[in-house]
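Remarks on the overall topology
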Amino acid sequence: TLGGNVGNKIGFFTISTLGNEQDFGDLIAQTETGGSVGSSTRAVVGGGYAPGNTDTIQYVQFSTKGNAADFGNRTNSVQAVGGASNETRGLFAGGETVNVVDYITIATIGNATDFGNLSANRSAPAGIASTTRAIFAGGYEPSRVNTVDYFTIGSTGDASDFGNLSATRSQMGSASSSTRGVTAGGSEPTIVNTMDYFTIASAGDATDFGDLTAARSTMKNGGSNGTRAVYCGGITPSTSNVMDYVTIASAGDATDFGDLEGANGQMSGVQSNGHGGLS
């Protein structure tokens, strides 16, 4: 977990073993609502609010606990950014008043490059990905939407229509395996416990997955090892330390995983194990 309302904190947990969050290190600077991406070796967060919008990209190595290092800069400075990645590329999408999507090569430190555009300006879209596709669901522009866009990660270009969420919704948590993506919670505008899922290879509308243990929003990306998805913290409307998990292949309600070190929302998580890494 990277940043959030509590500042520059980085936390970690082992997805295959239930338990509480532990301390990993610190970000270079406080960041909330940044877009997060990861490979099997690195976790990266780009943009967000620091306070004030930032274009900074920061990263850590999973294998070594410690503080973040500078990666480069985004093409813009916005908050409420969506993030999705495969093992090679990470995409940062949208944010307040923009439809911009840019990307990085996760293994190579440097600045982001323009990828294309979302179908409309959109803040706080939920990002999920397989090895080939990145999907950005919901958000607000400024009204909440049920729009779902997708991109082919290996090819730059503008978004294509994927389908729709079960309702207009923003500020959801999200996580995925190589085949299925699950969005969780968010606001419609009331805060909800709803979870939807998509089969990433097949464009179409969302299907009901189940419910979180409690209604929460602003969870952003969760953690995934390809089997389990973990959704951390959020706002209920007060900040929460709850960690829920689901088995991605089996629709059903969430189960308690453990607790964050402290109540926190607006964090950026990294689902690296979804394409072969650590978390």
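What counts as what
Residues numbered from 1 in each chain as written. Predicted model: local features only at pLDDT ≥ 70, side-chain atom pairs only at ≥ 80, totals over all residues. Heavy atoms only, no water. Core = buried A, V, L, I, M, F, W, Y, C linked by side-chain atoms within 4.5 Å. Buried < 20%, exposed > 50% of the residue type's maximum accessible area, 1.4 Å probe, protein only. Helix = DSSP H or I, 4+ residues; strand = E, 2+ residues; numbered from the N terminus. Pairing = 2+ DSSP bridges. Salt bridge = Lys/Arg side-chain N within 4 Å of Asp/Glu carboxyl O. Phe/Tyr/Trp six-rings, centres within 6.5 Å; stacked < 30°, edge-to-face > 60°. Lys NZ or Arg CZ within 6 Å of the ring centre and 35° of its normal. Axes fitted to C-alpha atoms, helices over the stretch in contact; angles between N-to-C directions. Polar contact = N/O pair within 3.5 Å; in protein donor to acceptor, adjacent residues only side chain to side chain. Contact = heavy atoms within 4.5 Å.

1. Quick look at the nonpolar core
By size, the foremost hydrophobic cluster in this structure holds 13 residues, and its most contacted members are Val182, Met195, Leu212, Tyr231 and Val246. Mapped by element, the contributors of at least two residues to this core are β16 (180-184), β17 (194-199) and β20 (228-232).

2. Examining the sheet that holds strand β19 (residues 223-224)
Within the open sheet, the 4 strands sit side by side as β19-β20-β21-β22. Their pairing is antiparallel. Single-partner strands in this sheet number two, and they are β19 and β22 (255-259). In the sheet, β19 pairs with β20 via 2 bridges, with the strands oriented antiparallel. Note that in β20 the partner of serine 224 across the bridge is alanine 229.

3. Focus on the pattern of salt bridges
One pass over the full model with this rule turns up 7 salt bridges. Between lysine 9 and glutamate 261 there is a salt bridge; the shortest N-O distance is 3.4 Å. You can see lysine 9 sitting in strand β1 (residues 9-12) and its partner glutamate 261 sitting in the segment after β22, a full 252 residues away along the chain. Exposure remark for glutamate 261: the relative accessible area of 46% places this residue in the partly exposed category. Arginine 122 is the salt-bridge partner of aspartate 149, the closest N and O atoms lying 3.3 Å from each other.

4. Quick notes on the packing of aromatic side chains
Within this structure, the stated rule accounts for 10 aromatic pairs. Ring centres 5.9 Å apart and planes at 80° place the aromatic pair tyrosine 150 and phenylalanine 162 in the edge-to-face group. On the criterion of sequence distance, the pair formed by tyrosine 150 in strand β13 (residues 147-152) and phenylalanine 162 in strand β14 (residues 160-164) is long-range, its members being 12 residues apart. Centre to centre, the rings of phenylalanine 162 and phenylalanine 198 are 5.7 Å apart; their planes meet at 80°, and the pair counts as edge-to-face. In this pair, phenylalanine 162 sits in strand β14 while phenylalanine 198 sits in strand β17, placing the two residues 36 residues apart along the sequence. Note on accessibility: phenylalanine 162 and phenylalanine 198 belong to one class, buried. Following the ring pairs from residue to residue traces out a cluster consisting of Tyr103, Phe115, Phe136 and Phe151. Over the ring of tyrosine 197 we find arginine 180; its NZ or CZ atom is 3.8 Å from the centre of that ring.

5. Quick notes on the sheet that holds strand β18 (residues 207-211)
Read across the sheet, 4 strands follow the order β15-β16-β17-β18 without closing on themselves; strand pairing throughout is antiparallel. Looking at strand neighbours, the two that pair on one side only are β15 (173-176) and β18, the edges of this open sheet. Strand after strand, the sheet turns through a mean of 25° between neighbouring axes, direction not considered. With 4 bridges joining them, β17 and β18 adopt antiparallel strand pairing. Note on β18: the bridge partner recorded for threonine 194 is aspartate 211.

6. Concerning the side chain of asparagine 76
Residue position: asparagine 76 is located in the loop between β6 (69-73) and β7 (82-85). For asparagine 76, the side chain forms a polar contact with the side chain of arginine 74, separated by 3.2 Å. Discounting residues that sit within four places of it in the chain, asparagine 76 has contacts with Thr54, Asp55, Val98, Val100 and Asp102.

7. Focus: the environment of alanine 107
Tracing the backbone shows alanine 107 in the loop between β9 (100-105) and β10 (113-117). Of the residues examined, alanine 107 reaches a relative accessible area of 66% and is grouped as exposed. Distance from alanine 107 to proline 237, taken between C-alpha atoms, is 38 Å for residues 130 residues apart in sequence.

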